Amino acid sequence: MDSSLASYKNDGTVQRVRQLIDIAADFQSQRHVPLLCGEFGVYMLNSDNDDRIYWYSVVRDYLEQKGFAWTIWDYKGGFGLFEKG
């Protein structure tokens, strides 16, 4: 956890998220298999609404550009899109 927080300035960027998705996209292309991003999300209690919505948008858009199926972690709980409840 400490190393993740220490590297957040570099790893917590749109570019880095796309680089990681690209690794899976390369695997998908090389193996000719469909891929599913089974869960992704942002913990509501640690994020601003606008930042959380932006992150969901960035990740979802890029997953779709790469042809991945996807699901979010949660809809209205701790990893939800909207205010709890």
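See the structure printed just above.
Residues numbered from 1 in each chain as written. Predicted model: local features only at pLDDT ≥ 70, side-chain atom pairs only at ≥ 80, totals over all residues. Heavy atoms only, no water.

A. Spotlight on the packing of aromatic side chains. Enumeration according to the criterion identifies six aromatic pairs in this entry. Judged by centre distance (5.8 Å) and plane angle (50°), the ring pair of phenylalanine 40 and tyrosine 56 falls under tilted. One end of the pair, phenylalanine 40, is in strand E1 (residues 36-40); the other, tyrosine 56, is in helix H4 (residues 49-65), with 16 residues separating them in the sequence. Note on accessibility: phenylalanine 40 and tyrosine 56 belong to one class, buried. Among the residues examined, tyrosine 56 registers a relative accessible area of 5% and is labelled buried. By the ring-pair criterion, three or more aromatic residues cluster together here, those being Phe40, Trp55, Tyr56 and Trp70. (Phe/Tyr/Trp six-rings, centres within 6.5 Å; stacked < 30°, edge-to-face > 60°. Helix = DSSP H or I, 4+ residues; strand = E, 2+ residues; numbered from the N terminus. Buried < 20%, exposed > 50% of the residue type's maximum accessible area, 1.4 Å probe, protein only.)

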